[in-house]
Amino acid sequence: MLLLEARQQVSHYGREMLRRGLASGSFGNLSVYVPEAKVMVISPSELEYDQVSPQDVSVVTMDGVVLDGTRKPSGEADLHRVFYQRDPEVGAVVHTHSTYATLMACLGLPLQPIHYLIAYAGAMEVPCIPYYPFGTMELAQAAYQAKGQGRAVLLGGHGLVCTGPDLPFTMDVAQQLEFLAQLCYRAHLAGGGVKLTAQQLESAFEAVKRHHTPTERKS
Ligand SMILES: [Zn+2]
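From a predicted model like this one, the values you see are computed outputs, not experimental measurements.

Draft legend 1. Structural view of the coordination of the zinc ion. Only His95 (NE2), His97 (NE2) and His158 (NE2) from the protein coordinate the zinc ion, and they sit 2.1 Å from it. Ordering the donors of the zinc ion by residue number gives the pattern H-x1-H-x60-H. What makes His95 buried here is its relative accessible area of 1%.

Draft legend 2. Focus on a nonpolar patch on the surface. There is a patch of nonpolar side chains on the surface, built from Leu2, Val65 and Leu67 and spanning about 250 Å² of accessible area. Tracing the backbone shows Leu2 in the segment before helix H1 (4-19).

Draft legend 3. Up close: the environment of Phe205. For Phe205, the position within the fold is in helix H6 (residues 202-211). Separated by 89 residues in sequence, Phe205 and Tyr116 have C-alpha atoms that sit 8.3 Å apart. Here Phe205 is in contact with Ile118, Ala119, Gly122, Ala123 and Met124, once residues within four sequence places are set aside.

Draft legend 4. Inspection of the pattern of salt bridges at higher detail. A full pass over the atoms with the stated rule returns six salt bridges. Ionic pairing is found between Arg20 and Glu16, a salt bridge with its closest N-O pair at 2.7 Å. Between Arg20 and Asp172 there is a salt bridge, with the nearest N and O atoms lying 2.9 Å from each other. Separated by 152 residues along the polypeptide, Arg20 in the loop between H1 and strand E1 (29-34) and Asp172 in helix H5 (residues 167-189) bring together distant segments of the chain.

Draft legend 5. Broad picture of the pairing of strand E7 (residues 152-155). Burial along E7 is two-sided: the face carrying Ala152 and Leu154 and the face carrying Val153 and Leu155 are both buried. Across two bridges, the pairing between strand E6 (residues 128-129) and E7 is parallel. Directly across from Ile129, in E7, lies its bridge partner Leu155. With respect to chirality, the unit in which E6 leads through helix H4 (residues 137-147) into the neighbouring parallel E7 is right-handed.

Draft legend 6. Layout of the packing of helix H3 (residues 99-107) against H5. Relative to each other, H3 and H5 sit at 50°, their axes nearing to 7 Å. Judged by the inter-axis angle, H3 sits oblique to H5. The interaxial crossing formed by H3 with H5 has left-handed handedness. Packed against H3, whose contacting residues are Thr99, Tyr100, Ala101, Leu103, Met104 and Leu107, the element H5 presents Glu178, Ala181, Gln182, Cys184, Tyr185 and Arg186 at the interface. Considering only residue class, the contact of H3 with H5 consists of eight nonpolar, two polar and two charged.

Draft legend 7. A look at the pairing of strand E8 (residues 159-164). The buried fraction of E8 is high, at six of six residues. As paired strands, strand E5 (residues 92-96) and E8 are joined by five bridges and run antiparallel to one another. Across the sheet, Ala92 pairs through a bridge with Gly164, a residue of E8. Across four bridges, E7 lies against E8 in antiparallel orientation.

Draft legend 8. Examining the side chain of Asp166 more closely. Structurally, the position occupied by Asp166 is in the loop between E8 and H5. At 3.1 Å, the side chain of Asp166 forms a polar contact with the backbone nitrogen of Phe169.

Draft legend 9. Quick peek at the side chain of Glu178. Relative to the helices and strands, Glu178 resides in helix H5. Buried within the structure, Glu178 lacks any salt-bridge partner; its nearest side chain of opposite charge belongs to Arg186, at an N-O separation of 9.6 Å. Those residues in contact with Glu178, other than ones at most four positions away along the chain, are Leu22, Ser98, Thr99, Tyr100 and Ala101.

Draft legend 10. Looking closely at unusual backbone geometry. Here the phi dihedral of Leu3 falls at roughly 50°; this positive angle occurs in a residue that is not glycine. On the basis of relative accessible area, Leu3 is assigned to the partly exposed category, the value being 25%. The backbone of Glu46 shows a phi angle near 55°, a positive value even though the residue is not glycine. Summarising the element assignment, Glu46 is placed in the loop between strand E2 (39-42) and strand E3 (58-61).

Draft legend 11. Inspection of H5 at higher detail. Taking 1.5 Å per residue as the helical rise, H5 with its 23 residues ought to reach 33 Å, and the 33 Å between its terminal C-alpha atoms agrees with that figure. Along H5, the positions that sit buried rather than exposed are Leu167, Phe169, Thr170, Met171, Val173, Ala174, Leu177, Glu178, Leu180, Ala181, Cys184 and Ala187. Residue Asp166 occupies the N-cap position of H5, its side-chain oxygen lying 3.1 Å from the main-chain nitrogen of Phe169. Residue Gly191 follows H5 closely and has a positive phi angle near 105°.

Definitions and limits used
Residues numbered from 1 in each chain as written. Predicted model: local features only at pLDDT ≥ 70, side-chain atom pairs only at ≥ 80, totals over all residues. Heavy atoms only, no water. Donors = N, O, S within 2.8 Å, 3.2 Å for Na, K, Ca; no water. Buried < 20%, exposed > 50% of the residue type's maximum accessible area, 1.4 Å probe, protein only. Patch = residues over 30% accessible without salt bridge, like charges linked within 9 Å, V, L, I, M, F, W, Y side chains within 5 Å. Areas by Shrake-Rupley, 256 points an atom, 1.4 Å probe, with all protein chains shown as cover. Salt bridge = Lys/Arg side-chain N within 4 Å of Asp/Glu carboxyl O. Helix = DSSP H or I, 4+ residues; strand = E, 2+ residues; numbered from the N terminus. Contact = heavy atoms within 4.5 Å. Pairing = 2+ DSSP bridges. Right-handed = clockwise from strand over helix to strand, strands pointing away. Axes fitted to C-alpha atoms, helices over the stretch in contact; angles between N-to-C directions. Parallel < 35°, antiparallel > 145°, perpendicular 65-115°, else oblique. Left-handed = near helix turned anticlockwise from the far one by under 90°. Nonpolar A, V, L, I, M, F, W, Y, C, P; charged D, E, K, R; others polar. Polar contact = N/O pair within 3.5 Å; in protein donor to acceptor, adjacent residues only side chain to side chain. Lys, Arg positive; Asp, Glu negative; His and termini not counted. Expected span 1.5 Å × (residues − 1).

Below you can see the structure in the form of structure tokens.
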């Protein structure tokens, strides 16, 4: 099977999304980029994560051509593709409808640095873009532009997108930002929360970097 290892990883981390409470059913999607082949390997559409086996995972070129996979690729394939095409540091993308991140996205509120876990975002804020219809290039382009140098962006009225050098780390980013989103939502109800400064968070940003030494994408 073409790119078996990468497809096994996508199948495994789909189940991880369920186990970590970041997804239910088939909602959300995840992918990895394979630099040697210049393709992405992405979860299939409309198949529950605990049913996905490696042959169901799609292999898609940077032009959007499906090379292999028994199922249709995720309906958000363009969203993933845009990040790989435009940012050579992105090696994995995780998109969730996890409850609190989605709730903040429905409120149109960015995630603020009220807890040191913002360091997983790689920026002092996780921005929130307005609503764009799912599965469209408009959504993909707006998400890419808003993410900037950080690792994550909220999609208004929709969910969360996280990026990183590889899938294990990107899944951690999605999990930690879901927790941060819960804190932000509750702090919002309680009247705010104290925003930490870049100086205060310097060691947290360093710790996240130390915890994960990015593997370089080769092209
Ligand atoms: Zn979605």
